Amino acid sequence: MKKVTIQDVARELNLSRNTVARALNNSDTVAYETRYMVIEKACEMGYLKVSPSALNEFKLHVGHSESKTVLVLARREISVFWNSIIMGISDMLNQNGYRLRFDFVSEEEERRLILPVDFSEEIDGLILISVFSREYFAEILKKELPTVCLDFPALINKADYPVDIVVSEGAESVRAITKQLVGQGLKRIGFVGDISYCRTIRDRYTGYMAALGEFGLVPSGDIVAIQHVPGRYYAEEEIGAYLDGIKEMPDAIVCANDVIAMHIVKGLRARGVSVPEDVAVTGFDNQEELAQVDAFLTTVRVGNTRLGKRLACQLFFRLQHPELPGEMVMVDTKVIYRDSSKKYKQT
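Quick notes on the rules
Residues numbered from 1 in each chain as written. Predicted model: local features only at pLDDT ≥ 70, side-chain atom pairs only at ≥ 80, totals over all residues. Heavy atoms only, no water. Core = buried A, V, L, I, M, F, W, Y, C linked by side-chain atoms within 4.5 Å. Buried < 20%, exposed > 50% of the residue type's maximum accessible area, 1.4 Å probe, protein only. Helix = DSSP H or I, 4+ residues; strand = E, 2+ residues; numbered from the N terminus. Contact = heavy atoms within 4.5 Å. Phe/Tyr/Trp six-rings, centres within 6.5 Å; stacked < 30°, edge-to-face > 60°. Pairing = 2+ DSSP bridges. Axes fitted to C-alpha atoms, helices over the stretch in contact; angles between N-to-C directions. Parallel < 35°, antiparallel > 145°, perpendicular 65-115°, else oblique. Left-handed = near helix turned anticlockwise from the far one by under 90°. Right-handed = clockwise from strand over helix to strand, strands pointing away. Arc of directions from axis to C-beta.

Asks: I keep staring at the nonpolar core and nothing clicks. Help me out?
Replies: Soluble globular proteins tend to pack their nonpolar side chains together in the buried interior. Counting 71 residues, the largest nonpolar core has I129, I264 and V281 as its most contacted members. When residues in this core are grouped by element, the largest group, seven residues, is from helix 5 (residues 80–95). Those residues within four positions of V281 in sequence are excluded, and the remaining contacts are I253, C255, A261, I264, V265, L268, V275, L297, S340 and S341. One finds I123, L141, I156 and V167 within the second-largest nonpolar core, a separate group that totals 21 residues.

Asks: Is there a simple way to explain the packing of aromatic side chains in this structure?
Replies: The relative placement of two aromatic rings is captured by the distance of their centres and the angle of their planes. One pass over the structure, following the stated rule, counts nine aromatic pairs. Each ring, one from F137 and one from F152, has its centre 5.5 Å from the other, and the planes form 85°; the classification is edge-to-face. Taken as a pair, F137 in helix 7 (residues 134–141) and F152 in the loop between strand 4 (147–150) and strand 5 (164–168) lie far apart in primary sequence, 15 residues in all. Accessibility classification places F137 together with F152 in one group, the buried group. Relative to Y161, the ring of F152 has its centre 6.2 Å away and its plane inclined at 70°; by these criteria the two rings are edge-to-face. Side by side, F152 and Y161 carry an identical accessibility label, which is buried. Through successive ring pairs, a cluster of aromatic residues spans F137, F152 and Y161.

Asks: Help me understand the sheet that holds strand 6 (residues 189–192) in this model?
Replies: What holds strands together in a sheet is hydrogen bonding between their backbones, with the strands either parallel or antiparallel. If you trace the four strands from one edge of the open sheet to the other, you get 7-6-8-9, paired in parallel fashion. Of all strands in the sheet, those bounded by a partner on one side alone are strand 7 (224–225) and strand 9 (280–282). Here strand 6 pairs with strand 8 (residues 252–255) via four bridges, running parallel. Note on strand 8: the bridge partner recorded for G190 is I253. Its contacts with the sheet place helix 9 (residues 199–214) against strand 6, strand 7 and strand 8, and it is angled at close to 170° to strand 6.

Asks: For this particular structure, what's the right way to read the environment of L73?
Replies: As for its placement among the helices and strands, L73 is situated in strand 1 (residues 69–75). Assessed through its relative accessible area of 0%, L73 is described here as buried. Separated by 24 residues in sequence, L73 and K49 place their C-alpha atoms 40 Å apart. Excluding its chain neighbours within four sequence positions, the residues that come into contact with L73 are D103, V105, P116, F119, L126, I127, L128, I129, S130, F132 and I140.

Asks: Explain the packing of helix 8 (residues 171–182) against helix 9 here, please?
Replies: In a pair of packed helices, the angle between the axes and the distance between the axes together describe the arrangement. It is the contact of helix 8 with helix 9, at a shortest axis distance of 7 Å, that shows an interaxial angle of 40°. Overall, the two elements helix 8 and helix 9 adopt an arrangement that is oblique. Classified by chirality, the crossing of helix 9 by helix 8 is right-handed. Here A171, V174, R175, T178, K179 and V182 of helix 8 lie close against helix 9, whose contacting residues are D203, R204, G207, Y208, A210, A211, L212 and E214.

Asks: Explain the pairing of strand 3 (residues 125–128) here, please?
Replies: Within a regular strand, the side chains alternate between the two sheet faces. The alternating pattern of strand 3 places G125 and I127 and L126 and L128 on opposite faces, both of which are buried. As paired strands, strand 1 and strand 3 are joined by four bridges and run parallel to one another. By the bridge assignment, L73 is partnered in strand 3 with L128. Handedness of the crossover is the feature at issue here: the chain leaves strand 3, passes through helix 7, returns alongside strand 4, and the resulting connection is right-handed.

Asks: Just checking my understanding: could you explain helix 7 for this structure?
Replies: Two residues of an α-helix separated by three or four positions point the same way, owing to the 3.6 residues in each turn. For helix 7, the set of buried residues is Y136, F137, I140 and L141. Considered in projection along helix 7, the buried side chains sweep an arc of 140° and stay on one side of the axis. The inward-facing, buried residues of helix 7 contact strand 1, strand 2 (99–105), helix 6 (107–111), strand 3 and strand 4.

What follows is the structure, encoded as structure tokens:
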């Protein structure tokens, strides 16, 4: 029987020899669909020099090896913002032959430490896309599953927990936003966000404070709201209480996310205060459903689908290397400057 060569495979698929060679070595420079097609054809023709990583990927795709199951766990607060993260996770799991299971956790289940029924079945890995209470988080970890978290409770020492964490960069982006406000001559700049809730909000507050510190500015207490509140400032009544407690309106308010920012904008307008003419407002997350309603908010794009894919990739790494220490991965973000932060001091 004639020995099958790369050129033979290339001829069958009408591809260049170089493309086929890279596909057989599982190179990321070749599209996934093309790699799969090349590997499938090479196996069919009896070509023997397919790289182990490429062959393993092909086997996973066609079901020749046992597929693993990943459980994604979230609170019942899903929106377009969260959906795009889930889609990124789903795409990456499907591409690599993993099964996806998804489950919600209600407030009552979290309070009573009740885990979803999926935990009673065979699960190979876990992705948490919500920040749960310390007690519920500890209950989850009793299952001793490879676990990757999107964000992390602010008041928990990461070193004490055997998990991987993926976070979006926040300190430098909020620092840049705050410096842009100061650069316009604004000095009374507030901040709203529950920094006791999670690592990312605490990071954003750190960036805000760092920017003010560069210019020797110290915000007055009534324009800064960082203490814990039940709704984490996502409730309109909590924002109303904050605004009503301000003696003199600030020049600007930096918000921990877009939901808080839009409540601030609504609350200011209801009190006869214009944005940005009277008070500039900024957010974080670039939430699509909010942008479509009022696309004027200065914010930070996280790239949620990409973030979801990164969560899945980190879990793949942990499943392959359970012996290595836990990691914290930071995903880059991009500031988007819009009209809401363009407030110029009148001289």
